[in-house]
Amino acid sequence: MRDYDLEFIFAFIKRAGMYTGSHVDCGYDGIGKFLSAYQMGSNGKCTFIQSLSRRIERKYNIKIPSQGLEQQLKLAAKEMDLEWYELFKQEGKETLIEISDSSGQNRFVSIIRKNIIAKLEQIGDQINSSWIINWNHTLDQVNDWEGVNLTTAEKELFFNLLELLKLETLNNGDDKITISIKSKTKIVSLIKLLKEKNERS
């Protein structure tokens, strides 16, 4: 799987209804068809369905039937007395963690670091009160990823920086404000730390 696939499918697992357009089973009805179409468009570079299906078979001893992935999940979920889409979310995340972190590759945390670096390098000298909206996707990745994640030092510096920038924009409406020297220093330090960690991994 490509890094793009890891990032996309992680977001898909969390909010499948945004992509399937389904209002059935909390938006998860149709995930099998959606993922099949997605994989067809990847020219064989994304094999998430196969990886997840093998995991389900290995863990629950249920092979994928002719009806596809959703039916396999429903059969396994029935054995576990779970909602099938909850099983999909649980096992889907574990499948991505296995793909990302096997052999010490830690690919997803590298994606997170690159996303943070790119956003920090785009900040410039001024921000307004709506700047935090652009961070929501990255914040979700940091908070929700259960595999190898940012180190404690990285998280502390990252969240401290975001809080500092929030304070600087508080009560300023939509007017642009100049970022303080303190914030700029923290931005430089965080970029340096993130790059160092990615180079070591």
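Here the structure is shown first, and the text comes after it.
Computed from a predicted structure; not experimentally measured. (Residues numbered from 1 in each chain as written. Predicted model: local features only at pLDDT ≥ 70, side-chain atom pairs only at ≥ 80, totals over all residues. Heavy atoms only, no water.)

What am I meant to see in the environment of Tyr 19 here?
Mapped onto the secondary structure, Tyr 19 falls in helix 2 (residues 17–20). With residues near it in sequence (within four places) discarded, Tyr 19 still touches Phe 8, Ala 11, Phe 12 and Phe 34. (Helix = DSSP H or I, 4+ residues; strand = E, 2+ residues; numbered from the N terminus. Contact = heavy atoms within 4.5 Å.)

How should the packing of helix 1 (residues 3–14) against helix 6 (residues 84–101) be read in this particular structure?
Think of two packed helices as two axes; the pair is described by the angle between the axes and how far apart they sit. Running from amino to carboxyl end, helix 1 crosses helix 6 at an angle of 165°, the nearest separation of the two axes being 10 Å. Between helix 1 and helix 6, the crossing angle belongs to the class labelled roughly antiparallel. Once helix 1 is placed against helix 6, the crossing between them reads as left-handed. Two secondary-structure elements touch here, helix 1 through Leu 6, Ile 9, Phe 10, Phe 12 and Ile 13 and helix 6 through Phe 88, Lys 89, Gly 92, Lys 93, Leu 96, Ile 99 and Ser 100. Class assignment for the residues of the contact of helix 1 with helix 6 results in eight nonpolar, two polar and two charged. (Axes fitted to C-alpha atoms, helices over the stretch in contact; angles between N-to-C directions. Parallel < 35°, antiparallel > 145°, perpendicular 65-115°, else oblique. Left-handed = near helix turned anticlockwise from the far one by under 90°. Nonpolar A, V, L, I, M, F, W, Y, C, P; charged D, E, K, R; others polar.)

Help me understand unusual backbone geometry, please; the structure alone is not making it clear to me.
With a phi angle near 55°, Asn 43 is a residue other than glycine that sits in the positive phi range. Among the secondary structure elements, Asn 43 is positioned in the loop between helix 3 (31–41) and helix 4 (48–60). Located in the positive-phi region is Asn 61, a residue other than glycine, with phi close to 60°. Within the element layout of this structure, Asn 61 appears in the loop between helix 4 and helix 5 (69–80). Its relative accessible area of 68% is what places Asn 61 among the exposed residues. (Buried < 20%, exposed > 50% of the residue type's maximum accessible area, 1.4 Å probe, protein only.)

Even after reading the chapter, I still don't get the layout of surface pockets, so can you show me in this structure?
Which parts of space are left empty comes out when a probe the size of a water molecule is rolled across the atoms. Roughly 210 Å³ of internal volume is contained in the largest pocket. As for the largest pocket, its lining consists of Lys 119, Gln 122, Ile 123, Gln 126, Ile 127, Asn 128, Trp 131, Asn 134, Trp 135 and Lys 176. Among the secondary structure elements, those contributing two or more residues to the lining of the largest pocket are helix 7 (107–122) and strand 1 (126–127). (1 Å grid on protein atoms, 1.4 Å probe; cavity = no way out; pocket = protein on both sides within 12 Å on 5 of 7 lines; lining within 4 Å. Points joined across faces, edges and corners; volume = space filled by probe spheres on them.)

How should the packing of aromatic side chains be read in this particular structure?
Tallied over the full model, the rule gives 17 aromatic pairs. With a centroid separation of 5.0 Å and an interplanar angle of 65°, the aromatic rings of Phe 10 and Phe 108 are classed as edge-to-face. Here Phe 10, found in helix 1, pairs with Phe 108, found in helix 7; they are 98 residues apart in sequence, far enough to count as distant. With a centroid separation of 5.9 Å and 65° between ring planes, the pair formed by Tyr 28 and Phe 88 is classed as edge-to-face. With Tyr 28 in the loop between helix 2 and helix 3 and Phe 88 in helix 6, the pair connects residues that are 60 residues apart, well separated along the chain. For Tyr 28, a relative accessible area of 3% translates into the label buried. These aromatic residues form a ring-pair network of at least three members: Tyr 4, Phe 8, Phe 12, Tyr 19, Tyr 28, Phe 34, Tyr 38, Trp 84, Tyr 85 and Phe 88. Directly above the ring of Trp 84 sits Lys 74, whose terminal nitrogen or CZ lies 5.2 Å from the centroid. (Phe/Tyr/Trp six-rings, centres within 6.5 Å; stacked < 30°, edge-to-face > 60°. Lys NZ or Arg CZ within 6 Å of the ring centre and 35° of its normal.)

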